[in-house]
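Next come the chains, spelled out residue by residue.
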Amino acid sequence: MVGRPALDGVRVVDMGWGIAGGYATKLLADAGADVVKVELPGGDPLRGYSASFAPIHDHGPLFGFLNTTKRSVVLDYRTAGGRDRLLELYATAELVIERSEPGEMEALGVGWEALSRCRPGATMVSVSNFGRGGPWSNRPANEFTLMAIAGSTATRGRPGRAPFNAGGRIGEWMGGVSAAVAAIAALRRAQRTGVGDHVDLSLLETITPTCTNVQTLWGSFTGEYDTRALLEVPSVEPTRDGYVGFCVFTGQQWQDFTVLIGRPEWGDDPRLATMGRRIAAGESIAGPIREWTAARTTEEVVAEAILLRIPVAPIGNGANLVELDHLVQRGVYVPHPGGGFVQPRVPYRNAAHPPVPFRPTPLLGQHTNEVLGETQPTRHPLGQPVGGTDTAVPADSMPLSGVRVVDMTAFWAGPYATLVLTALGADVIHIESVQRPDGMRFGSVRNPDDDWWWEFGPTFHHANVGKRSVTLDLTRPEGMELLHRLIGVSDALVENFSPRVIDQFGLNWDVVSEINPRLVMVRMPAFGLDGPWRDRVGFAQTMEQVSGMCWLSGYPDTSPQLARGPSDPLAGLHAAYAVICGLHARERTGRGSFVEATMVEAALNAAAEQVVEYSATGHLMSRDTNHHPHACPQGIYACSDGRLIALSVETDQHWTGLLAAAPELELDRVAVSASPADRFAARHAFDERLSRWCADLPAADAVDRLISFGVPTAELGTPRGGDRNPQVNARGFYEAVEHPLVGTHRFPALPVRFGRRPERWFTRPAPMLGEHNAEVLGGLLGVSKNDLARLEATQIIGTRPTFASPPQ
């Protein structure tokens, strides 16, 4: 039965701007919330942006994509009258999403305290570059410099050339979905307790683990902190008619790849057994790989690779994505409701609570009279609470307290989804087997000859901190029967097996919903549950390759390069959002729901700008090292002490600040005018002058000078040094977690601070394999000690992989 959208009846006041604010509230609007976008008379700055610099009437294509289904109100809340009308609007809202720097909203009398007076129980989510509090709280920054600070930029580049940022402003998209997750989690708690909250999100903290592959933890586990940008082998390779992307992650995939290219002897060569060793081999293997791919078309390479189940993809871009057969057959791209371009659909599908159909993007102030007419004080008295109050739920409880999740995920994307649910208070039970442990355990800092080596994987530890582990052999009836019993006492199930595996297990929605009609089931296939690519294997790199993220990353004269991993947490965050939406709808209906949340569609939404821009204007966006039409000058520059700095001029205020900080450069004479288009046309001339200027100054002096004039600037951080940053440490972003085998390490937590958050996000370390078999199967399901012993003796459960040697 199809019901109302999950967030039907929820009003959101959207005071965000740009990508992060716009995408957060887009997700809420797509789920049925009434999103009222409040803009100052000049409008959201993103309205006037187009990557092609094409003439704009009311808004450009990227703004159009991000703001479908919303209503627009113009209020100058810098004035007393405008502030009063905004407070009346606050009195009707359950959520307020705002994107300002700390102190701005409070100074205008429209911050958190004002909201809590107008609507006790309402929640405000504040998105800012560094979060509220800490020495850098009001430091000028944008996505480009935040990625540099986090150490993400330093992971990409080639020897002798400048490192480059991941294309497409991925940090902003990550911030947007993170804000949406935090908002709906806080909403769930508020509607149970009647008490709202102020949620403080830091974009730097969002980016640091997700856009660096949690490299700080790898440094902590290994003691090795010096890293350099490397180019995977194989990666994105040239073909006769374009490019093709590979992701050779496991040993079996490497073996299969060597067969694919006619070099099976490489598969038996221990000098090539790991990615690190293949990178070290350099041209001796990279050259022959290129020769093999270059002799074939992309379609031919893909067709041969998928027969061997090698993760492979064509390299997507703004022009070809809408033509890929899989995306066409699944209807991924749909017409923009206002006409003029196509855009990706909502990246998850809830069968019982479908998203609302897209409505046209509002013109600036289009709904001012309509919305303000709905906010008369007599209709919405100030101080009206949100929802009811459940006296059994403490006001300071975790948002997902009392929720139990069966976690049938592996590697990073799926476990990241359930990590978020864990940190928000859910009891997450991670299902593995001694025959097939989570593959991320094999990304270990120990050698396979070491005892317990599978327990030393840094990424596994981060993705599973706080969970419980149960092992079940699901190929045997007793293992499956125990899983059914566990599903019966749980609230959600999340899985990211390939579709054929779940089919073989007989765990489709009909079966699961019969076991537990209140369960929310989220499936996370790489490409979807139907379509020509249904059974293809896909990892984060595959998603970056096919979605267009790769196309925008790199140098203009080389192959596209990987964005380096953000697609995994990006997919995980979207799946976590879908789970909480499902739980929210269940509060109203009493029934669970089935959700498909594909990895590829999460990536396609975050890379949507390429498609909407091309279909609107015919402009094909492409990689240009660190140049981007939304900010110029922008680049990485070497200083006199050999250190690198990132500089980005995104606004007119930044441009004015740069001219004042370095008047001797006469940058205002370089471009024809100060318009973004003319500045972008002069980008190489800007680079030349700024490179000379920086070369005469130590990095710290250059940064201090530019920052003092309000120009976003930062020294490049190292990928494994993010936990040394004074800002994140002042905010307590990293938490020390003690593990009985690996010792104590500092883990990046959630990038949000709830006003009533616990002392810690993480209450237990990542589990050892099968560590909680007795606790869960015995304590929760009532399996006797004798039966537990028998199950372990027959390896239906266990604590050591079947391939492991006996304990030493």
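Residue numbers here run from 1 along each chain, matching the order of that chain's written sequence. Given that this is a predicted model, residues contribute local features only at a pLDDT of at least 70 and side-chain atom pairs are listed and counted only at 80 or more, while totals for whole chains, interfaces and linings are drawn from all residues. In computing side-chain values, all of the structure's heavy atoms are included and hydrogens and water are not.

**Here's the deal with helix α24 (residues 599–606)**
Reasoning step 1: Think of it in three bands: residues with accessible area under 20% of the maximum for their type are buried, residues over 50% are exposed, and the middle band is partly exposed, with areas taken using a 1.4 Å probe on protein chains only. By the criteria applied, helices consist of DSSP H or I runs no shorter than four residues and strands consist of E runs no shorter than two, each listed in order from the N terminus. The element α24 is largely enclosed, with a buried count of eight among its eight residues.
Reasoning step 2: Listed in full, the buried residues belonging to α24 are M599, V600, E601, A602, A603, L604, N605 and A606.

**A word on the packing of helix α23 (residues 567–589) against α24**
Reasoning step 1: Put simply, α23 and α24 touch, their axes get as near as 9 Å, and they point 105 degrees apart. Taken together, the axis directions place α23 and α24 in an arrangement best described as roughly perpendicular. Seen from α23, the contacting residues are S567, D568, L570, A571 and H574; seen from α24, they are M599, A602, A603 and A606.
Reasoning step 2: Split by residue class, the contact of α23 with α24 holds six nonpolar, two polar and one charged. Geometry is summarised by axes, namely lines fitted to C-alpha atoms with helices restricted to the contacting stretch, and by angles between N-to-C directions that run from 0 to 180 degrees. Any angle between 65 and 115 degrees counts as roughly perpendicular, while under 35 counts as roughly parallel, over 145 as roughly antiparallel, and the rest as oblique. What makes two residues a contact is simply this: any of their non-hydrogen atoms within 4.5 Å. Throughout, the ten residues Ala, Val, Leu, Ile, Met, Phe, Trp, Tyr, Cys and Pro are labelled nonpolar, Asp, Glu, Lys and Arg are labelled charged, and all others, Gly among them, are labelled polar.

**A look at helix α9 (residues 215–222)**
Reasoning step 1: Taking burial as the measure, the eight residues of α9 include six buried ones, the bulk of the element.
Reasoning step 2: Those residues of α9 that sit buried are Q215, T216, L217, W218, G219 and F221.
Reasoning step 3: On its buried face, α9 sits against α18 (458–464), β22 (734–739) and β23 (743–748).
Reasoning step 4: G223 occupies a position one or two residues after α9 and carries a positive phi of about 75 degrees.

**Describing the packing of aromatic side chains**
Reasoning step 1: For Phe, Tyr and Trp, rings pair up if their centres lie within 6.5 Å, where Trp contributes its six-membered ring, and each pair is then called stacked (planes under 30 degrees apart), edge-to-face (over 60) or tilted (otherwise). This model, assessed by the stated rule, comprises 24 aromatic pairs.
Reasoning step 2: Taking 6.0 Å as the distance between ring centres and 70 degrees as the angle between the ring planes, the aromatic pair formed by Y348 and Y577 counts as edge-to-face. Residue Y348 is found in strand β12 (residues 348–350), and its partner Y577 is found in helix α23; the two are separated by 229 residues along the sequence.
Reasoning step 3: Summarising the aromatic geometry, the rings of F442 and W453 are spaced 5.6 Å apart at their centres and angled 35 degrees between planes, so their arrangement reads as tilted. Here the residue F442 occupies a position in the loop between β14 (427–432) and α18, and W453 occupies one in the loop between β14 and α18, the gap between them amounting to eleven residues.
Reasoning step 4: With a relative accessible area of 11%, W453 lands in the buried category.
Reasoning step 5: Grouping aromatic residues by their ring pairs yields a cluster made of F442, W452, W453, W454 and F803.
Reasoning step 6: When the NZ atom of lysine or the CZ atom of arginine is within 6 Å of a ring's centre and also within 35 degrees of its normal, the charge is said to sit over that ring. Seen from the ring of W254, R278 lies directly overhead, with NZ or CZ sitting 4.3 Å from the centre.
Reasoning step 7: Across from the ring centre of F456, 3.9 Å away, lies the NZ or CZ of R446, which sits over that ring.

**Quick notes on unusual backbone geometry**
Reasoning step 1: Cis geometry marks the peptide bond from V233 to P234, where omega comes out at -5 degrees.
Reasoning step 2: Here P234 shows up in the loop between α9 and β7 (236–239).
Reasoning step 3: Within the chain, E666 stands out as a residue other than glycine whose phi angle is a positive 50 degrees.
Reasoning step 4: Following the sequence through the fold, E666 ends up in the loop between α26 (652–661) and α27 (676–681).
Reasoning step 5: Owing to a relative accessible area of 36%, E666 belongs among the partly exposed residues under this scheme.

**Considerations on the pattern of salt bridges**
Reasoning step 1: Salt-bridge detection follows one rule: a side-chain nitrogen of Lys or Arg within 4 Å of a carboxyl oxygen of Asp or Glu. Taken as a whole, this structure holds 54 salt bridges when the rule is applied.
Reasoning step 2: Among the ionic pairs, R404 bridges to D427, the shortest N-O distance being 3.5 Å. Of the two residues, R404 sits in strand β13 (residues 404–408) while D427 sits in strand β14, which places them 23 residues apart along the sequence.
Reasoning step 3: Across the salt bridge formed by R764 and E775, the nearest N and O atoms sit 3.9 Å from each other. You can see R764 sitting in the loop between β24 (752–754) and α31 (773–778) and its partner E775 sitting in helix α31, a full eleven residues away along the chain.
Reasoning step 4: A relative accessible area of 30% means that R764 is categorised as partly exposed.
Reasoning step 5: Take E775: its relative accessible area is 40%, and that puts it in the partly exposed class.
Reasoning step 6: One salt-bridge network, held together by shared partners, links R11, D34, R71, E370 and E374.

**A word on the sheet that holds β7**
Reasoning step 1: A pair of strands is considered paired only if DSSP assigns at least 2 bridges between the two. Pairing is antiparallel across the open sheet formed by three strands, whose spatial order is β7-β8-β9. The open sheet is flanked by β7 and β9 (312–314), the only strands paired with a single partner. For this sheet the average axis-to-axis angle between neighbouring strands, irrespective of direction, equals 30 degrees.
Reasoning step 2: Relative to strand β8 (residues 242–246), β7 runs antiparallel, the two sharing four bridges. Bridge pairing in β8 places T239 opposite G242.

**Comments concerning the nonpolar core**
Reasoning step 1: Throughout, nonpolar core names a set of buried Ala, Val, Leu, Ile, Met, Phe, Trp, Tyr and Cys residues whose side chains join them through atoms within 4.5 Å. In this structure, L424, Y577 and W761 are the most contacted members of the largest nonpolar core, which totals 142 residues.
Reasoning step 2: By residue number, the principal contributor to this core is helix α7 (residues 170–193), which donates 13 residues.
Reasoning step 3: Apart from residues no more than four positions distant in its own chain, Y577 is found in contact with L7, L27, L28, A31, A180, V181, I184 and Y348.
Reasoning step 4: M408, I429, M480 and L483 belong to the second-largest nonpolar core, a separate cluster that totals 29 residues.

**With respect to the environment of C639**
Reasoning step 1: Looking at where C639 falls in the secondary structure, it is placed in the loop between β19 (634–638) and β20 (644–648).
Reasoning step 2: Under the relative-accessibility criterion, C639 is labelled buried at 7%.
Reasoning step 3: In this view, C639 contacts I645, C694, A695, L697, P698, A699 and A702; residues no more than four positions away in its chain are not counted.

**Re the pairing of β14**
Reasoning step 1: Of all six residues that make up β14, five are buried, and the element is covered over most of its length.
Reasoning step 2: As paired elements, β13 and β14 share four bridges and run parallel to each other. The residue bridging V406 from the neighbouring strand is I429, located in β14.
Reasoning step 3: Seen with its strands pointing away from the viewer, a crossover is right-handed if its path from the first strand over the helix to the second goes clockwise. On the question of chirality, the crossover connecting β13 to the parallel β14 by way of helix α17 (residues 413–423) is right-handed.
Reasoning step 4: With four bridges connecting them, β14 and strand β15 (residues 468–471) associate as parallel partners. Bridge assignment links E432 to a residue of β15, and that residue is T471.

**Observations concerning the sheet that holds β20**
Reasoning step 1: The three strands lie next to each other as β19-β20-β21, forming an open sheet whose pairing is antiparallel. Each edge of the open sheet is held by one strand with a lone partner, namely β19 and β21 (713–715). Between one strand axis and the next, the sheet turns through 20 degrees on average, direction left out of account.
Reasoning step 2: Here β20 runs beside β21; their pairing, made up of three bridges, is antiparallel. Across the sheet, residue L647 finds its bridge partner in β21, namely T713.

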